[in-house]
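Now for the letters of each chain:
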Amino acid sequence: MQPFDAQSKPLDDGGSGGNGGGESHGSQGAGSGIPPGGAGDGPEEHTGHEGDGHLLAALLDGMEAGLCAFDRHGVITHWNSEAVRILGWTTQDAIGRAGFAGWAARSADAREVEERLLATMDGPGRQVHEFALVTKDGRRVLVRTQSAAVQGPDGRPSGVYCAFSEVHAQIDLERSIALSEVLFTDAAWGVVLIDADLRPAVVNAHAARLLRTGRDALLGRPLGDLLTQGVEELENALQHVLSEGAPPATADLWVTLRGDASGTRRCWRSGFVRLGSPLGEEPVPLGVGWLFLDITRQKALEKDGAQVRFRYQQLHRADRAAAECESALEAATLQLDFALAGFADHALLDIADDAGRLIRIAETPVGEPGPAAAVEENSIPVGYDIAHPVLQAVERIGTVRASFGPTTGDAALTAEETASRARIDEWAGARRWPAGTVHGLATVLRSRGRTVGALTFLRGSGRRLFDRADAAYAEDVAARVAMALDLAGLTGDR
């Protein structure tokens, strides 16, 4: 191998430096297809050979790893610019020296380093070593090297080349690769790499399970093929990350999977990172890394907890306000006003007479929201049919729920999804409830072991069914209303 200065000297044609300059030029001309003869033949051959050498020199200098080469006697023949950056020793400092002793390695280490590198000529393939080298300013740097033998024209080893980089840089790369492998195998978060066209490019196993499809089936598909609700919010977030960068905090996205017959909404806590190429001079986004976790259950528990706190704060406020009322009926209607907030659209209050018939004594206005008001001088029993939910609640001494259409599921019921407005009004009218009522909850009023009356809460279209938690809350309100009416002696007086 001939010495090669990566900044100024071209490589010979064989790359090992075994041939002389004239032989190399002649071989290049013979194999290039340039016509012989004429005064221009020699210069053309020489120019082509120098161009190849400069190209190879540029490639060596552009490597992202330090490169040095030794001939079979241990003399350094090549030293690229990355080696200069890592160790500080220039090409002029390095080329022509025999090994690293006295300059790039401590005397105690230099012999071992040289022996291990030159032993590569007698071994198969590449070998990996770690050495402690010394920079020009006296610092020690731990480098990881890959070395291999260089074959001469006769097929025998003529030297060794050694590519090296700082160990911490190599470890950072290996950690990054290891992290990527873990994220796409055993991660507890769903991870999806989205390309610049907002289509999945790589999907891990957890994300495929959350999306209820196979990993390969997701690739290249529009997000609208995967989600029905929430796709616009997700695409807006991805476009923002591509243009502006990752947001400072995670976002909770509510989505519905396409093909999910139940229409269940799921909450995915999502984080986004913009992916850019480290090889470009300017950061051009390659896509977005989307990491998400299903927190639907956690959100439901938080919502239920907040709902319970609000409702019992309302009960506490209602008790304090009712204590200042002058009449029992005013206290009872005040309890209804506090209970309606966020719970129902209408409330109906019936009291039982001596014969056990139910008489309407208070109700909320129909058509627009307002406080519950007493019904003036009413003594006519409400004409409930025998199977009415209110009568069932009185008979069972409990709570009865009724809904128009399906009676299961969490989704809000709308008129468009079930039937015409006329059919809903007909259903509500048959139960003597206001037009537009879709869900009803009736509970009995009990005090001192006697049935005082019945209380009914109603919800219109667009609101969800009454559930068990709603029934428990209604029973708490009913207990307070029954106590107010009974203690005032209103039962049997109307």
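Look up: the structure comes first, before these words.
Residues numbered from 1 in each chain as written. Predicted model: local features only at pLDDT ≥ 70, side-chain atom pairs only at ≥ 80, totals over all residues. Heavy atoms only, no water.

As enumerated under the stated definition, the model contains 0 disulfides in all. There is no disulfide at Cys68, and the cysteine sulfur nearest it, in Cys162, is 4.4 Å away. The class of Cys68 is buried, set by a relative accessible area of 0%. (Disulfide = S-S within 2.5 Å. Buried < 20%, exposed > 50% of the residue type's maximum accessible area, 1.4 Å probe, protein only.)

On to the sheet that holds strand E14 (residues 373-374). Strands sit in the order E14-E13-E12-E17-E16-E15 across an open sheet of 6 strands; the sheet is antiparallel. The open sheet is flanked by E14 and strand E15 (399-403), the only strands paired with a single partner. As paired strands, strand E13 (residues 358-363) and E14 are joined by 2 bridges and run antiparallel to one another. Bridge pairing links Glu363 to Ala373 in E14. Running over the sheet, helix H14 (residues 421-430) touches E15 and strand E16 (437-447) and is turned about 15° from E16. Against the sheet, helix H15 (residues 468-487) engages strand E12 (346-352), E13, E15, E16 and strand E17 (450-460), with an angle of about 45° to E16. (Pairing = 2+ DSSP bridges. Helix = DSSP H or I, 4+ residues; strand = E, 2+ residues; numbered from the N terminus. Contact = heavy atoms within 4.5 Å. Axes fitted to C-alpha atoms, helices over the stretch in contact; angles between N-to-C directions.)

What follows deals with the packing of helix H10 (residues 296-322) against H15. Viewed as axis vectors pointing N to C, H10 and H15 meet at an angle of 5°, and their least axial separation amounts to 11 Å. Between H10 and H15, the interaxial angle falls into the category roughly parallel. Across the interface between the two elements, Arg311, Tyr312, Gln314, Leu315 and Asp319 from H10 touch Ala469, Asp470, Tyr473, Asp476, Val477 and Arg480 from H15. When grouped by side-chain class, the residues that make up the contact of H10 with H15 number 5 nonpolar, 1 polar and 5 charged. (Parallel < 35°, antiparallel > 145°, perpendicular 65-115°, else oblique. Nonpolar A, V, L, I, M, F, W, Y, C, P; charged D, E, K, R; others polar.)

A separate point is the packing of helix H11 (residues 328-340) against H15. To describe two helices that pack against each other, one gives the angle between their axes and the distance between the axes. The interhelical angle for the contact between H11 and H15, taken along N-to-C directions, is 165°, at an axis separation of 8 Å. Accordingly, the angle class assigned to the pair H11 and H15 is roughly antiparallel. For the pair H11 and H15, the sense of crossing is right-handed. Seen from H11, the contacting residues are Ala328, Leu329, Ala331, Ala332, Gln335, Leu336, Phe338 and Ala339; seen from H15, they are Tyr473, Val477, Arg480, Val481, Ala484 and Leu485. (Left-handed = near helix turned anticlockwise from the far one by under 90°.)

Looking now at the sheet that holds strand E8 (residues 227-229). Read from one edge to the other, the open sheet built from 6 strands follows the order E7-E6-E11-E10-E9-E8, with strand pairing classed as antiparallel. Edge positions in the sheet fall to strand E7 (200-203) and E8, since each has one partner strand and no second. Pairs of neighbouring strands in the sheet enclose a mean axial angle of 45°, with direction left out of account. Where strand E10 (residues 266-276) meets strand E11 (residues 285-294), 9 bridges bridge the pair, whose relative direction is antiparallel. Bridge pairing in E11 links Arg274 to Val288.

The next point concerns the packing of aromatic side chains. Taken as a whole and assessed by the stated rule, the structure comprises 14 aromatic pairs. Both rings, one in Trp268 and one in Trp290, keep their centres 6.1 Å apart while their planes meet at 50°; by these two values the pair is tilted. With Trp268 in strand E10 and Trp290 in strand E11, this pair connects stretches of sequence that are 22 residues apart. Side by side, Trp268 and Trp290 carry an identical accessibility label, which is buried. Where Phe404 meets Trp427, the ring centres are 5.8 Å apart and the plane angle is 70°; that geometry is what we call edge-to-face. Taken together, the positions of Phe404 in the loop between E15 and helix H13 (415-418) and Trp427 in helix H14 put the pair 23 residues apart, joining distant regions of the chain. Comparing Phe404 with Trp427 shows no difference in burial state: the two are buried. Through a chain of ring-to-ring contacts, the aromatic side chains of Phe70, Trp79, Trp89, Phe100, Trp103 and Phe164 assemble into a single cluster. Over the aromatic face of Phe343 sits the side chain of Arg459, whose NZ or CZ is 5.4 Å from the ring centroid. Looking at Arg459, its charged tip hangs above the ring of Phe466, at a distance of 4.0 Å from the centre. (Phe/Tyr/Trp six-rings, centres within 6.5 Å; stacked < 30°, edge-to-face > 60°. Lys NZ or Arg CZ within 6 Å of the ring centre and 35° of its normal.)

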